[in-house]
Amino acid sequence: NPDNDLFPSFSPDGKSVAFVRSDLNKSEVFLVPALGGVERRICGLNALSSSLSFSPNGKTLAVIDSDPDKTNFGIFLVDIETGEKKRLTTPPESASDYETSFSPDGKQLAFLRVFNRQVIELFVIPVNGGEPRQLTQDKSVITGVTWGNKGKNIIIASHRETNQSNLWQIPAVGGKPVRIVSGERNVSNPAVSPDGKTIAFVEELRDTNLWQIDYSEPTPKDSKLIVSSRAEHSPSYSADGTKVVFA
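All values derive from a computational prediction rather than experimental measurement. Every chain is numbered independently, its residues counted from 1 as its sequence is written. Totals for whole chains, interfaces and linings use every residue, but because this is a predicted model, local features are given only for residues with pLDDT of at least 70 and side-chain atom pairs only at 80 or more, for both listing and counting. To obtain the side-chain values, all non-hydrogen atoms of the structure were used and water was disregarded.

Visitor: Sorry if this is basic, but what is going on with the sheet that holds strand β9 (residues 96–102) here?
Guide: Within a beta sheet, neighbouring strands are joined by backbone hydrogen bonds and run either parallel or antiparallel to one another. At least two DSSP bridges between two strands are needed for those strands to be called paired. Counting from the N terminus, the helices are DSSP H or I runs at least four residues long and the strands are E runs at least two residues long. Read from one edge to the other, the open sheet built from 4 strands follows the order β9-β10-β11-β12, with strand pairing classed as antiparallel. Each edge of the sheet is formed by a strand with only one pairing partner; in this case those strands are β9 and β12 (133–134). With 6 bridges joining them, β9 and strand β10 (residues 108–116) adopt antiparallel strand pairing. In the strand pairing of β10, F102 is matched with L109.

Written out as structure tokens, the structure reads:
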């Protein structure tokens, strides 16, 4: 298909893959056999993209969407067979929900609520409805959420306490997060194996350096000016040209 196919998610039995098909004007959720075959449209979305989370029984998908007349995005539960959508969360007008994960027993959803680009917090809500519980108040950035330890804990990739992202584990009932994975690189998008023994995650390294170009010769030559194992950016010369300030 010429449109973008995004956010693949295996069904719990491993026989199907749900995904979002998106273009500039609309998005739709499809289901396709894991070994290939005929696609089946499940529902349309008012959101241009959405992460997907299967319920453990494989009958429901949690998606991020909005009502046709609203711009803030919350969690909707989608019936796999009928495509019927039911809103579960309604964030404040200034916030949006953007990533969610079913608990192993299917009774709860962990999700991330964005208040602005630099403030993302972790919440939990019962699947049958009710008020969400806020589990973090770090006023920081979270870049992934999943369940661990058979539903007793939630694992997040968070920038809490540092300017880089690490993996943290927090009790599902609430409590103090404990760092479980850290390193020199940003960590994101954790996923836990079905047996709960292994975590997969993305480790991202951004290493940009500052270069200079010498235009004094007929053929300009470039060379590295400021180099490290991290990202340098936003250079500015001093008025006399003898110093460079940078981030």
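Visitor: I keep staring at the side chain of E99 and nothing clicks. Help me out?
Guide: With respect to the helices, strands and loops of the structure, E99 is situated in strand β9. The side chain of E99 sits in the buried core without any salt bridge; R113 is the nearest counter-charge, 14 Å away. Only protein chains enter the accessibility calculation, which uses a 1.4 Å probe; a residue is then buried when its area is under 20% of its type maximum, exposed when over 50%, and partly exposed in between. Residues counted as positive are Lys and Arg, residues counted as negative are Asp and Glu, and His and the chain ends are not counted. By convention in these notes, a salt bridge is any Lys or Arg side-chain nitrogen within 4 Å of a carboxyl oxygen on Asp or Glu.

Visitor: Before we go on, may I ask you to explain the sheet that holds strand β16 (residues 178–181) in this structure?
Guide: Taken together, 4 strands build an open sheet; the order of strands is β13-β14-β15-β16 and the sheet is antiparallel. Looking at strand neighbours, the two that pair on one side only are β13 (142–148) and β16, the edges of this open sheet. Across the sheet, the mean angle separating the axes of adjacent strands is 30° when strand polarity is ignored. Both β13 and strand β14 (residues 153–158) contribute to a ladder of 5 bridges, which runs antiparallel. Residue T146 lies in a different strand from β14, and its bridge partner there is I155. Only the contacting stretch of a helix is used when fitting its axis, a line to C-alpha atoms as for every element, and angles between N-to-C directions run 0 to 180 degrees.

Visitor: Looking at this model, I keep getting lost on the nonpolar core. Mind explaining?
Guide: For soluble globular proteins, nonpolar side chains are generally found buried alongside one another. In these notes, a set of buried Ala, Val, Leu, Ile, Met, Phe, Trp, Tyr and Cys residues joined through side-chain atoms within 4.5 Å is what counts as a nonpolar core. Counting 15 residues, the largest nonpolar core has A110, L122, V145, I154 and I156 as its most contacted members. In what follows, a contact means two residues having at least one pair of non-hydrogen atoms within 4.5 Å. Apart from residues lying up to four places away in sequence, V145 is in contact with E99, S101, A110, L112, L122, I154, I155, I156 and P190. Counting 14 residues, the second largest nonpolar core, distinct from the first, contains V20, L31, C43 and F54.

Visitor: Help me understand the pairing of strand β15 (residues 166–171) in this model?
Guide: Remember that side chains alternate between the two faces of the sheet whenever the strand is regular. Relative to β15, β14 runs antiparallel, the two sharing 6 bridges. Counted as the bridge partner of A157 is L167 from β15. Examined bridge by bridge, β15 and β16 share 3 bridges and lie antiparallel to one another. Bridging from a neighbouring strand, Q169 pairs with V178 of β16. Hairpin connection, β15 to β16: the antiparallel pair is bridged by 6 residues, and G174 has positive phi, about 105°.

Visitor: Would you mind going over the environment of L205 with me for this structure?
Guide: Counting through the fold element by element, L205 comes out in the loop between β18 (199–204) and β19 (210–214). Considered as a pair, L205 and S101 are 104 residues apart in the sequence and their alpha carbons are 26 Å apart. Residues in contact with L205, not counting those within four places in the same chain, are R185 and S229.

Visitor: Would you explain a nonpolar patch on the surface in this entry?
Guide: Side chains of V178, I180, I199 and F201 sit close together on the surface and give an oily, nonpolar patch of about 290 Å² of accessible area. If you list the elements that add at least two residues to the nonpolar patch, you get β16 and β18. Mapping I199 onto the fold places it in strand β18. Using a relative accessible area of 31% as the deciding quantity, one classes I199 as partly exposed. Note that patches include only residues with greater than 30% relative accessible area and no salt bridge, and the join distances are 9 Å for like charges and 5 Å for nonpolar side chains (Val, Leu, Ile, Met, Phe, Trp, Tyr). Areas reported here follow the Shrake-Rupley algorithm with a probe of radius 1.4 Å; residue values treat only the protein chains shown as occluding.

Visitor: Would you explain the pairing of strand β2 (residues 16–22) in this entry?
Guide: In terms of residue burial, β2 counts as a mostly covered element, since 7 of its 7 residues are buried. Residues S16, A18, V20 and S22 point to one face of β2 and V17, F19 and R21 to the other, with burial holding for every one of them. Looking at chain direction, strand β1 (residues 4–10) and β2 are connected through 5 bridges and run antiparallel. Considered in β2, the bridge of D5 is made with R21. Connecting β1 to the antiparallel partner β2 that follows it, the hairpin turn spans 5 residues, and G14 within it adopts a positive phi of roughly 75°.

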